[in-house]
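# Residue-level structural notes
The lines below spell out each chain.
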Amino acid sequence: MQMIVRESRRRGKRIGLVPTMGFLHEGHKSLIQKAREVSDLVVVSIFVNPTQFAPNEDFDRYPRDMERDKAISESVGVDVLFTPGVEEMYPAGFSTYVVSEGMSSILEGKFRPTHFRGVATIVAKLFLIIQPDAAVFGQKDAQQCAVIKHMVRDLNFGVAIIAAPIVREDDGLAISSRNIYLSPEERNDAAILFYSLRKAEEMIRGGERYAAAVMREVEKIIRTKRTAMIDYVAVNDAESLTEISELQKEKPVLISLAVRFGKTRLIDNIIVQL
Ligand code: PAF
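Now for a quick tour of the structure. What you see is a predicted model; the values in this text were computed from it and never measured. (Residues numbered from 1 in each chain as written. Predicted model: local features only at pLDDT ≥ 70, side-chain atom pairs only at ≥ 80, totals over all residues. Heavy atoms only, no water.)

Turning our attention to the pattern of salt bridges. Evaluated as defined, the whole model comprises 19 salt bridges. In this structure, the salt-bridge partner of R10 is E7, at a minimum N-O distance of 2.8 Å. One end of the pair is R10 and the other is E7, both in helix α1 (residues 2-10) and 3 residues apart, which spans about a single turn. Residue class for E7 comes out partly exposed when judged on its relative accessible area of 31%. In this structure, R112 and E57 form a salt bridge, with 2.7 Å as the shortest nitrogen-oxygen distance. (Salt bridge = Lys/Arg side-chain N within 4 Å of Asp/Glu carboxyl O. Helix = DSSP H or I, 4+ residues; strand = E, 2+ residues; numbered from the N terminus. Buried < 20%, exposed > 50% of the residue type's maximum accessible area, 1.4 Å probe, protein only.)

Turning our attention to the site of the ligand. As a structural note, the neighbourhood of the ligand is formed by P19, T20, M21, N49, Q52, I122, F137, D141 and Q144. Residue Q52 places a side-chain N or O atom 2.6 Å away from an oxygen atom belonging to the ligand. One of the side-chain nitrogen or oxygen atoms of Q144 is found 2.7 Å away from an oxygen atom of the ligand. When the ligand sits alone it has 290 Å² of accessible area, and the protein chains cover 87% of it. Among the residues making up the shell around the ligand, the classes are represented as 4 nonpolar, 4 polar and 1 charged. (Near = heavy atom within 4 Å. Polar contact = N/O pair within 3.5 Å; in protein donor to acceptor, adjacent residues only side chain to side chain. Areas by Shrake-Rupley, 256 points an atom, 1.4 Å probe, with all protein chains shown as cover. Nonpolar A, V, L, I, M, F, W, Y, C, P; charged D, E, K, R; others polar.)

A word on the environment of L254. Along the polypeptide, L254 turns up in strand β7 (residues 253-261). With a relative accessible area of 3%, L254 lands in the buried category. Here the alpha-carbon distance between L254 and E243, two residues 11 residues apart in the chain, equals 9.7 Å. Among residues more than four places away in sequence, those in contact with L254 are Q139, A142, A234, V235, N236, D237, A238, L241, N269, I270 and I271. (Contact = heavy atoms within 4.5 Å.)

Before going further, it helps to spend a moment on the sheet that holds β7. Taken in spatial order, the 3 strands of this open sheet run β6-β7-β8, and their pairing is antiparallel. Whereas interior strands pair on both sides, the edge strands pair on one side only; in this sheet they are β6 (228-237) and β8 (264-272). Strand-to-strand twist in this sheet, taken as the mean axis angle between neighbours without regard to direction, amounts to 15 degrees. When β7 meets β8, the two strands line up antiparallel, connected through 9 bridges. Of the residues in β8, the one forming a bridge with L257 is D268. (Pairing = 2+ DSSP bridges. Axes fitted to C-alpha atoms, helices over the stretch in contact; angles between N-to-C directions.)

Two faces make up the sheet, and in a regular strand the side chains alternate between them. Of all 9 residues that make up β8, 7 are buried, and the element is covered over most of its length. From the end of β7 to the start of β8, which pair antiparallel, there are 2 residues, and G262 there has a positive phi angle of about 60 degrees.

Let's shift gears to the packing of aromatic side chains. This model, assessed by the stated rule, comprises 7 aromatic pairs. Here the aromatic rings of F53 and F59 are separated by 5.4 Å at their centres, their planes lie at 65 degrees, and the arrangement is edge-to-face. With centroids separated by 5.7 Å and ring planes inclined at 75 degrees, the aromatic side chains of F127 and F157 adopt a geometry described as edge-to-face. Here the residue F127 occupies a position in helix α6 (residues 115-130), and F157 occupies one in the loop between α7 (142-154) and β5 (160-164), the gap between them amounting to 30 residues. Take F127 and F157: they sit in the same class, and that class is buried. Three or more aromatic residues joined by ring pairs form one cluster here, namely F47, Y90, F94 and Y97. For the cation-ring pair, R68 lies above F23, with the distance from its terminal atom to the ring centre recorded as 5.0 Å. Between R168 and the ring centre of F194, over which it is positioned, the NZ or CZ distance is 3.7 Å. (Phe/Tyr/Trp six-rings, centres within 6.5 Å; stacked < 30°, edge-to-face > 60°. Lys NZ or Arg CZ within 6 Å of the ring centre and 35° of its normal.)

Dropping the structure here:
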């Protein structure tokens, strides 16, 4: 893998990386397409990264299907598939981590305290191994995009970070590998997430400026669904992720949420700019 990438770089080609945990779906295909637009050689990594899962999370049952992923990658014209093993990425005695302080301990970080340390560490390793010019991530993981942009700036990685738009099912549910865990009732109820986010946007466009009022309304809408259990609904500055109490013109805001449906925890978000 490294030889092909090195040779392409030597010939002046732009390398685009799409880091994934596999079980590829339409969302990943859109990231690959974006990478194709900005680069000559598209590398997709598939690695279910153990360090971003807490012991009580779904690392063992996280969906995996390498044969299917290989076929999909081929069908969408991926040039190089990088599929390292755990021992390759985390050799015995591994003890060096990348931590983006502050940003990693709010929102998702409150519920998953070691998650972004795992993400930043594996993404830093992928950047060092592949040395891409650009890397594409899904905007569904808005905080992950913010943490990675921050890390790239702080540690001078020189990789352009592209956040690609969320791809949704017909009823608005954001596409995610974890959606397959949902029972039919949970799957039906989960469409409320995007509906509630759109209502939030409508409220803001209609003149509401208090974040607390927006969050209250989103929570009220989600609670109409029997199987939904809210972890959080939040309104933050879309870039710095600082909490916002009153919305201002020309400052994009991120409305994000995490909601559990049975054992499945889903996240979603929308960015609103007045
Ligand atoms: O978004 C993901 O799939 C993962 O967090 C990533 C970026 C591939 C790191 O393991």
